[in-house]
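# Structural description and commentary
One letter stands for each residue in the lines below.
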Amino acid sequence: MGFHDPFVYLDGNQRDRYDHLRRSVEARQGLSLITGPTGSGKTTLLRKLVADLQASNPPIFFFATPITTLDALLYACREQSGTTEENSSESADPLLACR
């Protein structure tokens, strides 16, 4: 693993959830959403995931502010990926513009 944090400990259930999340990201299908209260380890988990998947370079977005609508999510994805509406897919599915 590229991320060596002595405070990251995954018990059996957490390891299963992490492995499921990792497979989901590696498949590059759909959206994986990590939520939880402040201090619950979301950022640490995602840093570990990014470090573990560094070679495959999956599209992972971090949002530090709450996103409450689909339009706001799509805008944030486009902004982080550098995709604008002018150069996005002509598809009827607006989520394809975030790829």
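Structure shown above.
Reference entry: report on the structure contained in this document. It should be emphasised that the depicted structure is a prediction, and the values quoted were computed from it without experimental measurement.

### Considering the packing of aromatic side chains
As enumerated under the stated definition, the model contains zero aromatic pairs in all. Cation over ring: Lys 48 sits above Tyr 18, and NZ or CZ is 4.9 Å from the ring centre.

### Section: the pattern of salt bridges
When the charged atoms of two side chains lie near each other, side chains of opposite charge can form a pair. Evaluation of the coordinates by the stated rule reveals four salt bridges. Of the charged contacts, one joins Arg 22 and Asp 52 as a salt bridge, the two residues approaching to 4.0 Å between their closest N and O atoms. Placement of Arg 22 in helix H1 (residues 12-27) and of Asp 52 in helix H2 (residues 42-52) is noted, with a sequence separation of 30 residues between them. Lys 48 is paired through a salt bridge with Asp 52; the nearest N and O atoms lie 3.1 Å apart. Taken together, the residues span about one helical turn, with Lys 48 and Asp 52 both in helix H2 at a distance of four residues. The residues Lys 48 and Asp 52 share a single accessibility class, namely buried.

### Remarks on the nonpolar core
Membership of the largest hydrophobic core is limited to six residues, which are Tyr 18, Leu 21, Val 25, Leu 46, Leu 49 and Leu 53. Elements that contribute at least two residues to this core include exactly H1 and H2. The biggest single contributor to this core is H1, with three residues. Residue contacts for Val 25: discarding those within four places in its chain leaves Ser 32, Leu 49, Leu 53, Pro 58 and Ile 60.

### Topic: H1
Between its terminal C-alpha atoms H1 stretches 23 Å, which fits the 22 Å expected from 16 residues at 1.5 Å a residue. Residues of H1 that are buried include every one of Tyr 18, Leu 21 and Val 25, and no others. Buried residues of H1 fall within an arc of 65° about the axis and therefore sit on the same side. Exposed and facing more than 90 degrees away from the buried side of H1 are Asn 13 and His 20. Looking at the buried residues of H1, the elements they touch are H2. Phi turns positive, to about 55°, at Arg 28, one or two residues after H1.

So, how was this worked out
Residues numbered from 1 in each chain as written. Predicted model: local features only at pLDDT ≥ 70, side-chain atom pairs only at ≥ 80, totals over all residues. Heavy atoms only, no water. Phe/Tyr/Trp six-rings, centres within 6.5 Å; stacked < 30°, edge-to-face > 60°. Lys NZ or Arg CZ within 6 Å of the ring centre and 35° of its normal. Salt bridge = Lys/Arg side-chain N within 4 Å of Asp/Glu carboxyl O. Helix = DSSP H or I, 4+ residues; strand = E, 2+ residues; numbered from the N terminus. Buried < 20%, exposed > 50% of the residue type's maximum accessible area, 1.4 Å probe, protein only. Core = buried A, V, L, I, M, F, W, Y, C linked by side-chain atoms within 4.5 Å. Contact = heavy atoms within 4.5 Å. Expected span 1.5 Å × (residues − 1). Arc of directions from axis to C-beta.

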